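Summary of structural features
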Amino acid sequence: RIEKRLATGPRADVYKAYDTIHGIRVALKVANPDIVEDDFLDEFRHEARLSSKMEHHNVLPVQNASFIDGYFVIAMALGIETLGNRMTRRMSTERALDYATQALAAVAHAHAMKIIHCDVKPENFILFPDNRLRLTDFGFSKIAQHTVKASGSGTLGYLAPEQALGRPMFQSDVFALGLVIYQLFSGHLPDYPYRWPMPGYARIRGKLRRRTIAWLRKSLEFRHQDRYKDAVAMQNAFKDIRLKLTRRD
């Protein structure tokens with residue numbers, strides 16, 4: 001039973017709903033009937049199938065996917081808010097580091113499964129009780145092959161340069177995740193041409209150690225060859241930095 005609309009997008013709307021069978025509230029992602037064609041339906045089916053395979057505590061699983069009265073509907077657990085919403089309010093450096101760590105874990109898991117998300121952004125990280133962050137919306141994702149051909153799908157503002165040209169790769173997710181983490185600590189979303197230092201850098205310097213800033217800068221290199229090869233390598237480098245800082249302290 002639909003209770004209210006949570007978000008509206010070009011491909012789908014998201015609603016808060018009550019599951020009358022299980023007695024819980026859920027989020028429903030409903031494909032826009034005006035643009036439902038075979039390729040769009042394939043995209044939504046693809047999202048449902050990928051999410052069902054992604055067993056990880058920082059990935060939001062699909063509970064159900066089916067046609068209801070001619071609408072293709074994906075049901076998921078209902079979170080509290082998006083990371084984008086949370087970023088509009090003050091948060092401690094420790095909390096931001098916790099969210100960054102969880103976001104890294106989610107994208108790294110996808111990359112370990114050979115999945116390129118292709119739409120990493122704050123609105124696709126959902127917060128749950130106990131500050132758990134979960135990645136959702138695998139609609140644009142591609143299974144990694146030697147050559148990945150795709151349009152410049154994704155969200156403007158978080159697109160890596162090569163993805164905007166239709167060549168998404170693991171490094172594209174690294175770039176988008178770097179933008180999310182930069183925004184998390186600085187309060188600013190950097191713009192093209194991404195020259196360093198970027199807007200908000202003074203706040204970054206006040207919150208992060210030199211090694212962590214260098215790690216973040218590497219993820220935001222304009223040339224994909226200069227970034228971490230994937231989120232697994234990015235996560236490992238981050239863990240190494242945190243471990244060294246802990247030992248020093």
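Below or above, wherever it landed, is the structure these notes cover. Bear in mind the structure is a predicted one, so any value in this text is a computation, not a measurement.

The next thing to look at is the overall build of the chain. In terms of helices and strands, the chain carries eight helices and 10 strands. Expressed as a percentage of the 249 residues in the chain, the buried residues total 49%. As displayed, the chain offers around 13200 Å² of accessible surface, 49% of which is attributable to carbon and sulfur atoms.

It is worth spelling out the pattern of salt bridges at this point. Think of it this way: side chains of opposite charge can pair up when their charged atoms draw near. For the structure shown, the criterion picks out eight salt bridges. Glu-3 is the partner of Arg-25 in a salt bridge, and the nearest nitrogen-oxygen pair spans 3.0 Å. Separated by 22 residues along the polypeptide, Arg-25 in strand 3 (residues 24-31) and Glu-3 in strand 1 (residues 2-8) bring together distant segments of the chain. Residue Asp-13 pairs with Arg-5 through a salt bridge whose shortest N-O separation is 2.8 Å.

Our focus in this paragraph is the pairing of strand 1. As paired elements, strand 1 and strand 2 (residues 12-19) share five bridges and run antiparallel to each other. If you follow Lys-4 over to strand 2, its bridge partner there is Lys-16. Hairpin remark: strand 1 followed by strand 2, antiparallel, with three residues in the connecting loop.

Across six bridges, strand 4 (residues 62-68) lies against strand 5 (residues 71-77) in antiparallel orientation. Along strand 5, the bridge assignment pairs Val-62 with Met-76. Following strand 4, the chain reverses through two residues before pairing antiparallel with strand 5; Asp-69 in that reversal takes a positive phi of roughly 50°.

With that settled, consider unusual backbone geometry. Following Tyr-192, the chain continues to Pro-193 via a peptide bond in cis, the omega torsion being 15°. Even without a glycine there, the phi angle at Cys-118 is positive, about 75°. You can see Cys-118 is positioned in the loop between strand 7 (115-116) and strand 8 (125-128). In this structure Cys-118 comes out as buried when scored by relative accessible area, which is 5%.

A few words now on the sheet that holds strand 8. In spatial order, the strands read 6-8-9; together these three strands make up an open sheet with antiparallel pairing. If you trace the sheet from one side to the other, it starts and ends with strand 6 (81-82) and strand 9 (132-135), each paired once. Examined bridge by bridge, strand 6 and strand 8 share two bridges and lie antiparallel to one another. When the sheet's bridge partners are listed, Thr-82 is paired in strand 8 with Ile-126.

The biggest cluster of nonpolar side chains holds 49 residues, and the ones touching the most others in it are Phe-125, Leu-177, Ile-181, Leu-184, Phe-185 and Trp-215. Sorting the residues of this core by element identifies helix 3 (93-112), strand 8, strand 9, helix 5 (170-186), helix 7 (210-219) and helix 8 (231-248) as the ones contributing at least two each. Those residues within four positions of Trp-215 in sequence are excluded, and the remaining contacts are Leu-104, Ile-181, Tyr-228, Met-234, Ala-237, Phe-238 and Ile-241. By size, the runner-up hydrophobic cluster in this structure holds 11 residues, among which are Phe-44, Ala-48, Ile-74 and Met-76.

Conventions adopted
Residues numbered from 1 in each chain as written. Predicted model: local features only at pLDDT ≥ 70, side-chain atom pairs only at ≥ 80, totals over all residues. Heavy atoms only, no water. Helix = DSSP H or I, 4+ residues; strand = E, 2+ residues; numbered from the N terminus. Buried < 20%, exposed > 50% of the residue type's maximum accessible area, 1.4 Å probe, protein only. Areas by Shrake-Rupley, 256 points an atom, 1.4 Å probe, with all protein chains shown as cover. Salt bridge = Lys/Arg side-chain N within 4 Å of Asp/Glu carboxyl O. Pairing = 2+ DSSP bridges. Core = buried A, V, L, I, M, F, W, Y, C linked by side-chain atoms within 4.5 Å. Contact = heavy atoms within 4.5 Å.

In short, the description is geometric, and any link to function would need to be established separately.
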